[in-house]
Amino acid sequence: MTKTKKALKVKRSRGEQIFTVFNYAIMIGIIIICIYPIWYVAMASCSDSNLLTQHTGLLLWPEGFNLNAYTKVFKNPMILKGYLNTLFLLFVGVPINIIMTSLGAYFLSRKRVLFQKPIMIAIMFTMFFSGGMIPFYLNLKELHLTNTLWGLIIPFMINTYNLVIMRTSFESIPDSLVEAAQIDGANHWKILFSIVLPLSKAIIAVMILYYGVSIWNSWFWASAILRERQLYPLQVILREILLQNDVSSMSSGAAATDAESIAMSIKYATIMVATIPILLVYPFLQKYFTKGTMTGAVKE
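Report follows, based on the coordinates. (Residues numbered from 1 in each chain as written. Predicted model: local features only at pLDDT ≥ 70, side-chain atom pairs only at ≥ 80, totals over all residues. Heavy atoms only, no water.)

**What to know about the overall build of the protein chain**
Defined as follows: Only DSSP runs of H or I with at least four residues qualify as helices, and only runs of E with at least two residues qualify as strands; both kinds are numbered from the N terminus onward. The classification of residues rests on relative accessible area computed with a 1.4 Å probe and restricted to protein chains. Under 20% of the type maximum is buried, over 50% is exposed, and intermediate values are partly exposed. Note on contacts: a residue pair qualifies if any of its non-hydrogen atoms lie within 4.5 Å across the two residues.
Regarding its fold elements, the protein chain presents 14 helices and zero strands. The secondary structure elements of the protein chain, listed N-terminal to C-terminal, are α-α-α-α-α-α-α-α-α-α-α-α-α-α. Counting every position in the protein chain, which comprises 300 residues, the buried fraction comes to 36%. Counting contacts in the protein chain only where the partners sit at least 6 residues apart, residues at least 24 apart contribute 73% of the total.

As C-alpha cells, this is what we get:
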C-alpha cells in the first residue's frame, strides 16, 4: 500500500516548485499589503496621542497603550446617534431589500411569464443608464422622502445586480419541486416561501451581506437628502470628522497644544468604531458566501 502511494505521488519539476514558491510569495505580499492599513489604524487608535505624532515609519504595535481616544469617541452623542440611525437602516432596510429582491427574482425566474424578456431587458437597462441625480432627487422631494430615513430605504429596495444573481439562483432549483407543489395546489406565495427560499439560504446570506455592507458604507445620498444632523447615519458623521477635522466636541477640555495630537487619535478610533461591526459579521456568513455567489453566477 505504501509503495502504491509512493508510485502515485508525482514529483514536481524544479520549474513547478519555483512557480509555487513565487505564487506563495506574491499572495503573502498581497495579504500584508491588505492587512497592514487596518493594523496601522488599530494600533494608532490605541496609542498615546503625543507619542503617535512623534512616530515615523511603520507602526507595528501601540506607542504607549492608551484608550482615551475611544472614551472620547463614545462620549460624542453624534456617534451614538449615528449608530442608532445606521442600525435602523440595517434592521429595517435589509429585510425589505431581501423580500423585494426575492419577489422580483421569483417572478423573473418562472417559465412562461408573459413579456418576461422585454421586462428583463428594461430592468437590465437601468444598470447602465439612469435618469440622473437631479431628477432622482426631485422625485424624492415630490414623494416627501427627503429629510427622512425612509428616503434611504424605499428608493433603494432592489439592486439590479443582486436581482440578477438571485434570479439565476432561483432558476437552478429543479422544476420538478415547483411542479409537484403546484399539483398539490400550492400557489406562488406558498411555493416562494415554502420551497424556493428555504432552498436558497446560501444566496440569501450573500444578499444580506451585499445589502448590509452597501447600507453600512453608504453616505452620499444621506448627505444629499438629510438636513437634520440628528438623522445622519454613522458614515456621514465619520466623513465629517475625517474631512472637516470636526473633533471639537470630543477633544474639548484638552490644552491647545495637545488638541491636534488628540484629534489624530480620535480619527483613528472613529474609523475602528465604524469598521469593526461589519468585520465581525462577515465570518458568520463566510461559509455561505462562496457557495451562494457561485450558485447565483453560474446557471446549471
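**Quick word on the nonpolar core**
Test applied: Residues belong to one nonpolar core when they are buried, are Ala, Val, Leu, Ile, Met, Phe, Trp, Tyr or Cys, and are joined through side-chain atoms within 4.5 Å.
Counting residues in hydrophobic clusters, the biggest one holds 63 residues, and the most contacted among them are Ile79, Leu152, Phe170, Val196, Met207 and Leu226. Residue contributions to this core peak at ten residues, all from helix α5 (residues 77–109). When residues no more than four places from it in sequence are discounted, the contact partners of Ile79 are Val73, Leu234, Ile237, Ile241 and Thr270.

**Points about the side chain of Asn97**
Applied cut-off: By the criterion applied in these results, polar contacts are pairs of N or O atoms within 3.5 Å in which, for protein atoms, one can donate a hydrogen and the other can accept it, and in which residues neighboring in sequence qualify only through two side-chain atoms.
The topology assignment puts Asn97 in helix α5. On the basis of relative accessible area, Asn97 is assigned to the buried category, the value being 3%. At 2.9 Å, the side chain of Asn97 forms a polar contact with the backbone oxygen of Met157. When neighbours within four sequence positions are excluded, Asn97 is seen to be in contact with Phe156, Met157, Ile158, Tyr211 and Ile215.

**Quick look at the pattern of salt bridges**
Convention followed: Salt bridge, as used here: a side-chain nitrogen of Lys or Arg that lies within 4 Å of a carboxyl oxygen of Asp or Glu.
Overall, the coordinates contain three salt bridges when judged by the stated rule. Linking Glu171 and Arg167 is a salt bridge whose minimum nitrogen-to-oxygen distance equals 3.3 Å. Taken together, the positions of Glu171 and Arg167, both in helix α8 (residues 160–171) and four residues apart, correspond to about one turn of that helix. Here Glu171 matches Arg167 in class, with each residue buried. Measuring nitrogen to oxygen at the nearest pair gives 2.7 Å for the salt bridge that ties Glu240 to Arg229. Highlighted residues: Glu240 in helix α13 (residues 234–244) and Arg229 in the loop between α12 (220–225) and α13, separated in sequence by eleven residues. Arg229 gets classed as partly exposed once you look at its relative accessible area, which sits at 34%.

**Brief notes about the packing of helix α9 (residues 175–183) against helix α10 (residues 188–196)**
In plain terms, the rule: Axis definition: a line fitted to C-alpha atoms, limited for helices to the stretch in contact. Angles are taken between N-to-C directions and run from 0 to 180 degrees. Any angle from 65 to 115 degrees is called roughly perpendicular, while one under 35 is roughly parallel, one over 145 is roughly antiparallel, and all others are oblique. In a left-handed crossing the near helix is turned counterclockwise from the far helix by less than a right angle, and in a right-handed crossing that turn is clockwise. Lys, Arg, Asp and Glu make up the charged group, whereas Ala, Val, Leu, Ile, Met, Phe, Trp, Tyr, Cys and Pro make up the nonpolar group; the residues left over, Gly among them, are polar.
Remark: α9 packs on α10, axes separated minimally by 10 Å, with the N-to-C direction vectors making an angle of 130°. The angle between α9 and α10 places the two elements in the oblique class. α9 and α10 meet at a crossing whose hand is right-handed. In this structure, α9 uses Leu177, Val178, Ala181 and Gln182 to contact α10, whose residues at the interface are His188, Ile191 and Ile195. Here the residues of the contact of α9 with α10 are counted per class, giving five nonpolar, two polar and no charged.

**Examining the packing of aromatic side chains**
For the record, the criterion: Centres within 6.5 Å make a pair out of two Phe, Tyr or Trp rings, where for Trp the six-membered ring is used; the pair is then stacked when the planes are under 30 degrees apart, edge-to-face when over 60, and tilted otherwise.
According to the stated counting rule, one finds ten aromatic pairs in the structure shown. Ring pairing ties together the aromatic residues Phe136, Phe156, Trp219, Phe220 and Trp221, which thus form one cluster.

**Side note on the environment of Phe125**
For Phe125, the location among the structural elements is in helix α6 (residues 116–128). Overall, Phe125 belongs to the partly exposed group, its relative accessible area being 49%. Sequence separation between Phe125 and Thr160 is 35 residues; the distance between their C-alpha atoms is 9.4 Å.

**With respect to the packing of α5 against α10**
Each pair of packed helices gets described by two things: the angle between the helix axes and the distance between those axes. Relative to each other, α5 and α10 sit at 110°, their axes nearing to 11 Å. With respect to α10, the element α5 is oriented roughly perpendicular. Judged by residue contacts, Ser102, Leu103 and Tyr106 of α5 engage His188, Trp189, Ile191, Leu192 and Val196 from α10. Each residue belonging to the contact of α5 with α10 can be placed in one class, and the counts come to six nonpolar, two polar and no charged.

**Observations concerning unusual backbone geometry**
A positive phi is found at Arg112, a non-glycine position, where the angle reads about 60°. Within the element layout of this structure, Arg112 appears in the loop between α5 and α6. Given a relative accessible area of 79%, Arg112 falls into the exposed group. Positioned with a positive phi, His144 is a non-glycine residue whose angle comes to about 60°. Among the structural elements, His144 can be located in the loop between α7 (133–142) and α8. In this structure His144 comes out as exposed when scored by relative accessible area, which is 70%.

**Describing a nonpolar patch on the surface**
Selection rule: Grouping into patches uses exposed residues only, defined as over 30% relative accessible area, and leaves out salt-bridged ones; the cut-off is 9 Å for like charges and 5 Å for nonpolar side chains (Val, Leu, Ile, Met, Phe, Trp, Tyr). All accessible areas in this document rest on Shrake-Rupley with a 1.4 Å probe, and a residue is counted as covered only by the protein chains that are shown.
Nonpolar side chains collect at one region of the surface, where Ile31, Ile35, Trp39, Leu58, Leu60 and Trp61 lie side by side and expose about 660 Å² of accessible area between them. On the secondary structure map, Trp39 appears in helix α2 (residues 14–45).

**Observations regarding α2**
Selection criterion: The span one expects for a helix is its residue count, reduced by one, times 1.5 Å. Each residue is assigned a bend, namely the angle between axes fitted to the seven residues that terminate at it and the seven residues that start at it.
The terminal C-alpha atoms of α2, which comprises 32 residues, lie 46 Å apart, in line with the 46 Å expected from a rise of 1.5 Å per residue. If you look at α2, its biggest bend is around 30°, right at Ile35, and the proline Pro37 turns up within four residues after that. Buried residues of α2: Val41, Ala42, Met43, Ala44 and Ser45, and no others.

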